[in-house]
There are 2 protein chains.
Amino acid sequence: MFRFVDLSDAEVDALEARYGPLGASLRELVDAAIRTNAGDAEVRDAVATIEALTEKLRIDQIEGASGVHYNEAGRSWSWGNAAIGLRNAVAPPMDVQQSENGDTYAEVHLGAAYEGPPGMVHGGVSALLLDHLMGVTASRMTKVTFTGTLTLKYRNPLPLGRVVLSGEVSGEEGRKVFVAARIEGDQGIAVEADGIFIVPVWSE
Amino acid sequence: MFRFVDLSDAEVDALEARYGPLGASLRELVDAAIRTNAGDAEVRDAVATIEALTEKLRIDQIEGASGVHYNEAGRSWSWGNAAIGLRNAVAPPMDVQQSENGDTYAEVHLGAAYEGPPGMVHGGVSALLLDHLMGVTASRMTKVTFTGTLTLKYRNPLPLGRVVLSGEVSGEEGRKVFVAARIEGDQGIAVEADGIFIVPVWSE
């Protein structure tokens, strides 16, 4: 399921330094493409430039999606992940911090590409980030968990800009791990989430 | 909240024809950026090309995010939306169909940029798309609704590729609209969702 790669941490760092800026520059371009007032000819030129670049990058590419990798040192990375992937311009990307006791925290800047209601973060984007952070929270104690049920309570609108997520394990019961989390912005808590995560039988 | 724009439908069509291909070409580039094996020099060149293009598109751009627009004919569009926005490479984009009785349906191709577990759609991406489709489903009857509570039950993994979403109103009670929806792939229903949507007092 996860792919072993025979690379030292230094070699992984070098790849991260190569491809990280590509994802970062693309996020800016995605933002500009949403907000530009450029005219017909300029946009046609832009599309031609983008298509030519895509073709170049595709000359040597992997089959299918990125997957999740790990090396002998136990480091793991998923640069294509939709929530945290450094190489993936769809991901903000979110960087989940975990404190000693397992509580999780993330601070994310959400720009024009994450809009739902005018000027507000899309409710589904809050769901995406919460789902991911809660999965990380649940996995701490048991290594492998799957999302079972996620309940999201929408309390307030969440303006685009800097948002903060936090989560913690709220209980355990047999093969179930309960997680509570929330996302907040300048107007207070926007979405509260409760999740039940399942530890698969084969992993026990 | 929604911005009125004095444009005919034909003028809106022309803008859509200008900017739609920009979003579409960027989705391909985002995919290529995740999957390419290009070396240091090639990636540096790609970043330079992307940065130069971003700068050009930013010469004339709107303040802040795209917002939601409508014209006198009653047409409405939100090209920056994170789930359905044509100009937004973060969005697949999902095109929600609604039948006469209000039931909703969408068929979406989810590639490498929407990965969570290896080869599978990120659970949070399923949440994002379901949230949006269910909002559309709820709004049909009442024009304005806000997400109250969303409950997602994860049943099966969802392989990347073609996925299908469907939803319908399952009940109403005062200012609450209940919606049921699901997302499925080749391995059957992956996520089942129930939502409670609220009709704001001011809209009645």
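Quick caveat: nothing in here was measured; it's all calculated off a predicted structure.

Enquirer: So what exactly am I meant to see when it comes to the overall build of chain A here?
Expert: Helices and strands together make up the secondary structure of chain A, namely 3 helices and 9 strands. In chain A, the succession of α and β elements from N to C terminus is β-α-α-β-β-β-β-α-β-β-β-β. Dimensions along the principal axes, computed over C-alpha positions, put chain A at roughly 60 × 45 × 25 Å. For chain A, the residues scored as buried account for 50% of the 204 residues in total. Relative to all contacts within chain A whose residues are 6 or more apart in sequence, the contacts with residues 24 or more apart total 62%. In the structure as shown, chain A presents an accessible area of about 9,200 Å², 50% of it carried by carbon and sulfur atoms. Across chain A, the 17 positively charged side chains and the 29 negatively charged ones have centroids separated by 3 Å.

Enquirer: Explain the side chain of Ser66 of chain B here, please?
Expert: Checked against the element boundaries, Ser66 of chain B lands in the loop between helix 2 (40-58) and strand 2 (69-70). Overall, the relative accessible area of 9% leaves Ser66 of chain B in the buried class. With sequence-adjacent residues up to four places away left out, Ser66 of chain B is seen in contact with Ile34 and Glu115 of chain A together with Arg3, Trp79 and Gly80 of chain B.

Enquirer: Would you mind showing me how to read the domain arrangement of chain A here?
Expert: Interfaces are often sized by the accessible area lost when the parts come together. Residue and element names in this part refer to chain A. When cut into domains, chain A gives domain 1 (1-93) and domain 2 (94-203). Relative to domain 2, the C-alpha centre of domain 1 lies at a distance of 24 Å. With 14 residues of domain 1 at the contact, the number on the domain 2 side is 11 residues. If you sort the residues of domain 1 by the area they bury against domain 2, Ala83, Ile84 and Pro92 come out on top, with a joint share of 46%. Inspection of the domain 1/domain 2 interface yields 0 salt bridges. Where domain 1 touches domain 2, the interface holds 2 residue pairs in polar contact (both at pLDDT 80 or more). Considered class by class, the residues forming the side of domain 1 that touches domain 2 number 11 nonpolar, 1 polar and 2 charged.

Enquirer: What's the story with a nonpolar patch on the surface in this structure? I'm lost.
Expert: Together, Phe2, Phe4 and Tyr70 of chain A make up a nonpolar patch on the protein surface, roughly 300 Å² of accessible area in all. By the element assignment, Phe2 of chain A lies in the segment before strand 1 (3-4).

Enquirer: Just to check I follow, could you spell out the interface of chain A and chain B for this structure?
Expert: The interface is formed by 72 residues belonging to chain A together with 72 residues belonging to chain B. Taken together, both faces of the contact between chain A and chain B bury some 6,800 Å²; the carbon and sulfur share is 62%. Applying the counting rule to chain A against chain B returns 6 salt bridges. Residue Arg18 of chain B is joined to Asp40 of chain A by a salt bridge in which the shortest nitrogen-to-oxygen separation is 3.0 Å.

Enquirer: What am I meant to see in the nonpolar core here?
Expert: For soluble globular proteins, the rule of thumb is that nonpolar side chains tend to be buried together. Counting 102 residues, the largest nonpolar core has Leu165 of chain A together with Leu165 of chain B as the members making the most contacts within it. Leaving out residues up to four positions away in the same chain, Leu165 of chain A has contacts with Met94, Thr104, Tyr105, Ala106, Val108, Leu129, Leu130, Leu133, Arg182 and Ile183 of chain A.

Enquirer: Sorry if this is basic, but what is going on with empty space enclosed by the protein here?
Expert: One water molecule sets the probe size; rolling that probe over the atoms shows where empty space is left. For the structure on display, the rule yields 1 cavity of 30 Å³ or more. Going through the elements one at a time, helix 3 (123-139) of chain A together with helix 3 (123-139) of chain B are the ones with two or more residues in the lining of the largest cavity. Here the residues of the lining of the largest cavity are counted per class, giving 8 nonpolar, no polar and no charged.

Enquirer: What am I meant to see in the packing of aromatic side chains here?
Expert: Within a pair of aromatic rings, the relevant descriptors are the distance that separates the centres and the angle that separates the planes. Residues and elements named next belong to chain A. All chains considered together, the criterion is met by 4 aromatic pairs over all chains. Seen from their ring centres, Trp77 and Trp79 are 5.8 Å apart, and the 40° between their planes marks the pair as tilted. By the burial criterion, Trp77 is buried, and Trp79 matches it. Its guanidinium or amino end placed over the ring of Tyr19, Arg87 lies 3.6 Å from that ring's centre, counting from NZ or CZ.

Enquirer: Looking at this model, I keep getting lost on unusual backbone geometry. Mind explaining?
Expert: Glycine aside, residues mostly have negative phi, and peptide bonds are mostly found in the trans state. Here the residue pair Pro92 of chain A and Pro93 of chain A is connected by a cis peptide bond, since its omega of -15° sits within 30 degrees of zero. By secondary structure assignment, the location of Pro93 of chain A is in the loop between strand 3 (76-77) and strand 4 (97-98).

Enquirer: Would you mind going over the side chain of Arg27 of chain B with me for this structure?
Expert: Residue and element names in this part refer to chain B. With respect to the helices and strands, the residue Arg27 is situated in helix 1 (residues 9-35). The buried charged residue Arg27 lacks any salt bridge partner; its closest oppositely charged side chain belongs to Glu28, at an N-O distance of 8.5 Å. Separated by 3.1 Å, the side chain of Arg27 and the backbone oxygen of Leu86 make a polar contact. Apart from residues lying up to four places away in sequence, Arg27 is in contact with Gly85, Leu86, Asn88, Ala89, Ala91, Pro92 and Pro93.

Thresholds, definitions, all that
Residues numbered from 1 in each chain as written. Chains lettered and ligands numbered in written order. Predicted model: local features only at pLDDT ≥ 70, side-chain atom pairs only at ≥ 80, totals over all residues. Heavy atoms only, no water. Helix = DSSP H or I, 4+ residues; strand = E, 2+ residues; numbered from the N terminus. Buried < 20%, exposed > 50% of the residue type's maximum accessible area, 1.4 Å probe, protein only. Contact = heavy atoms within 4.5 Å. Areas by Shrake-Rupley, 256 points an atom, 1.4 Å probe, with all protein chains shown as cover. Lys, Arg positive; Asp, Glu negative; His and termini not counted. Charge placed at Lys NZ, Arg CZ, Asp CG, Glu CD. Domains from an automatic or database assignment. Buried area = accessible area lost by both parts, 1.4 Å probe. Salt bridge = Lys/Arg side-chain N within 4 Å of Asp/Glu carboxyl O. Polar contact = N/O pair within 3.5 Å; in protein donor to acceptor, adjacent residues only side chain to side chain. Nonpolar A, V, L, I, M, F, W, Y, C, P; charged D, E, K, R; others polar. Patch = residues over 30% accessible without salt bridge, like charges linked within 9 Å, V, L, I, M, F, W, Y side chains within 5 Å. Core = buried A, V, L, I, M, F, W, Y, C linked by side-chain atoms within 4.5 Å. 1 Å grid on protein atoms, 1.4 Å probe; cavity = no way out; pocket = protein on both sides within 12 Å on 5 of 7 lines; lining within 4 Å. Points joined across faces, edges and corners; volume = space filled by probe spheres on them. Phe/Tyr/Trp six-rings, centres within 6.5 Å; stacked < 30°, edge-to-face > 60°. Lys NZ or Arg CZ within 6 Å of the ring centre and 35° of its normal.

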